[in-house]
Amino acid sequence: MDAKQQVVQALAQALPDVDAHDIETKIERPKDSQNGDFAFPTFFLAKTQHKAPQMIAADLIEAIDQNGFEKVVVAGPYVNFFLDKGQIAAEILQAILADPENYGNSDLGNAGNVPIDMSSPNIAKPMSMGHLRSTVIGNSLAKILTKVNYNPIKINHLGDWGTQFGKLMAAYKMWGSEEEVKADPINTLQKYYVRFHQEDKENPELDDDARAWFKKLEDGDEEATHLWKWFRSESLKLFMKIYDLLGIDFDSYNGEAFYNDKMDEVVQMLEDKGLLQESKGAEIVDLEKYNLNPALIKKTDGATLYITRDLAAAIYRKRTYDFVQSLYVVGNEQQNHFKQLKAVLKELGFDWADDIHHIPFGLITQGGRKLSTREGRVILLENVLNDAISLARKQIAEKNPDLKNAEEVAQQVGVGAVVFHDLKNERLNNFDFDLEEVVRFEGETGPYVQYAHARSQSILRKAGNPDLTTANLALGDPAAWEIIKSLGQFGEIIQRAAREYEPSVIAKYALQLAKEFNQYYAHTKILVEDDEKMARLALVEAVSDVLKSALELLGVQAPDEM
RNA sequence: GGAGCGGUAGCUCAGCUGGAUAGAGCAUUCGCCUUCUAAGCGAACGGUCGUGAGUUCGAACCUCACUCGCUUCACCA
């Protein structure tokens, strides 16, 4: 039985006049385990019982059936419950060892489809740290949602359309060469783009050129289309290298261009509903009643915009996946856009607009300034990952020179550090990029968790990987108790992460468990022959399984040796 | 000006539904490798929880006002 329910029952029996649900909501987990595993504050009973909380607690302890608990004690106005460690340990360890892969699973989602719009880098631009955030948060959410029985669909909504292609083509025709692009596609295209913006400040007529090229592309001009396809495929090749490194794949690469032929219908729908208005030569939907700015559907020149495309995409996803939720892992600075998107869908009469959730994340700055592709101020993801990997390589050479698959582990550790760093804090926090911070391997980092896992594996190897499922798992060792309790919380941690769309909840949990294990490891000799050896090994195995599982939920690998 | 997010230790951040002396990591100083990986463990140092009111038996957490920082507010995405 659930340990908390045991406490609720004991209290409910002793307090027949109080609603059991009220009791349950008041029960808390003391921060300091000196105060027990569960605590019941009696303040709220003082009024109805006309007694001091201390008195209530003192009386309560007499009425509580202490069977099944290690002890129940009074501490001022609190009643503190200490659980039967051996029994709880056996229950939790058994549950983990019986089915490590599925430990912590639950069914919040009833297998409902959840498309996740994530990553979405722009063609012809390098992937930056900003795209990393969207990519790793989206990936982690997909895994977390799977664990609570949703069916996520990872959609890479590539930025493969838009006026920037006009600029790019104009720039390429003016200064570019095929050989140069082939040699180093993204950086070269990027260079053209930056140069275009520089020269464009002096010669605004360049913009007309760019617009003309984009118009050609939209009209299906042969040369423009050819260039577009070429830029796209070269870019995608490089993106795939990074996704491989991160161990991330997608269920769909339908980007912006995919919706080109699906926007007329949206405009038609808006028109049929009488929602379109003309304003300053453009077509808009007024959103006054939502306290939002009007949504620009068509520009003065008739070209469509971002929101039109996203409307088409949202409708397409509803039709294709019949989603129960539709997520967009996109920077916080676009929240206005998503409010508009939902508002327009509402205006169109789609109730499912309420199932669309923008999952925003904080801005990455450098030296306090916003990153800007246009101004060439970017942090290239590829460089960061490579730096991290070579640092890991160096560490391994120093600390574990005999490691067989050193290169593979260097990748797992280096990439793990970067990914974990990105996920360990609340999504919405902004952060200023600091390479040293990102590739750190000590303290609250990914490698710290990986290291704890590797140590646990090392012990199990030394012990000869015995079968522990039949062992007596009633581990009564107080030193192990904090770990046991943490292991028992995995399921609710996952649920909270899913509810809040917040991978950092998992990261924090992994750090806590790793820390508790490292403490245990430092103070308790595990491989000694005594009655509890098998139970200790079971604990080690359970920690190993859960750490691995938690890292997996973050998209971080857990090497057995490092 | 409207909307949103944030202000907790020198730095980066936790703090779940309000509860028992406000917690980590980094940095600094000092201990611990003849026994399971020192990417580790332990100790010290470090805080008027932005400010002021209010609600409450009790507020970092809830309410209001103020203040500072960042984002955003129609022809980029």
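Residues numbered from 1 in each chain as written. Chains lettered and ligands numbered in written order. Predicted model: local features only at pLDDT ≥ 70, side-chain atom pairs only at ≥ 80, totals over all residues. Heavy atoms only, no water.

Undergrad: Give me the sheet that holds strand 11 (residues 364-366): which residues, what numbers.
TA: Sheet architecture is open: three strands sit in the order 12-11-13, paired in mixed fashion. Two strands bound the open sheet, and with one partner strand each, they are strand 12 (369-370) and strand 13 (431-432). Direction of pairing for strand 11 relative to strand 13: parallel, over a ladder of two bridges. Along strand 13, the bridge assignment pairs Thr365 with Asp432. (Pairing = 2+ DSSP bridges. Helix = DSSP H or I, 4+ residues; strand = E, 2+ residues; numbered from the N terminus.)

Undergrad: For the packing of helix 18 (residues 446-462) against helix 21 (residues 503-523), give the residues involved together with the corresponding values.
TA: Relative to each other, helix 18 and helix 21 sit at 45°, their axes nearing to 9 Å. Between helix 18 and helix 21, the interaxial angle falls into the category oblique. Crossing of helix 18 over helix 21 shows left-handed handedness. Where helix 18 abuts helix 21, its residues Tyr448, Val449, Ala452, Arg455, Ser456 and Ile459 lie against Ala510, Leu511, Ala514, Lys515, Phe517, Asn518 and Tyr521. Split by residue class, the contact of helix 18 with helix 21 holds nine nonpolar, two polar and two charged. (Axes fitted to C-alpha atoms, helices over the stretch in contact; angles between N-to-C directions. Parallel < 35°, antiparallel > 145°, perpendicular 65-115°, else oblique. Left-handed = near helix turned anticlockwise from the far one by under 90°. Contact = heavy atoms within 4.5 Å. Nonpolar A, V, L, I, M, F, W, Y, C, P; charged D, E, K, R; others polar.)

Undergrad: Tell me about the protein's contact with RNA strand B, and please be specific about residues and values.
TA: Near RNA strand B you find 64 residues, and of these Tyr78, Leu296, Lys299, Tyr451 and Ser458 are the closest. Interatomic distance of 3.3 Å between a backbone N/O atom of Tyr306 and a phosphate oxygen of RNA strand B. Elements that contribute at least two residues to the surface near RNA strand B include exactly strand 3 (78-83), strand 7 (282-285), helix 14 (335-347), helix 15 (381-399), helix 18 and helix 21. Here the residues of the surface near RNA strand B are counted per class, giving 23 nonpolar, 17 polar and 24 charged. (Near = heavy atom within 4 Å. Polar contact = N/O pair within 3.5 Å; in protein donor to acceptor, adjacent residues only side chain to side chain.)

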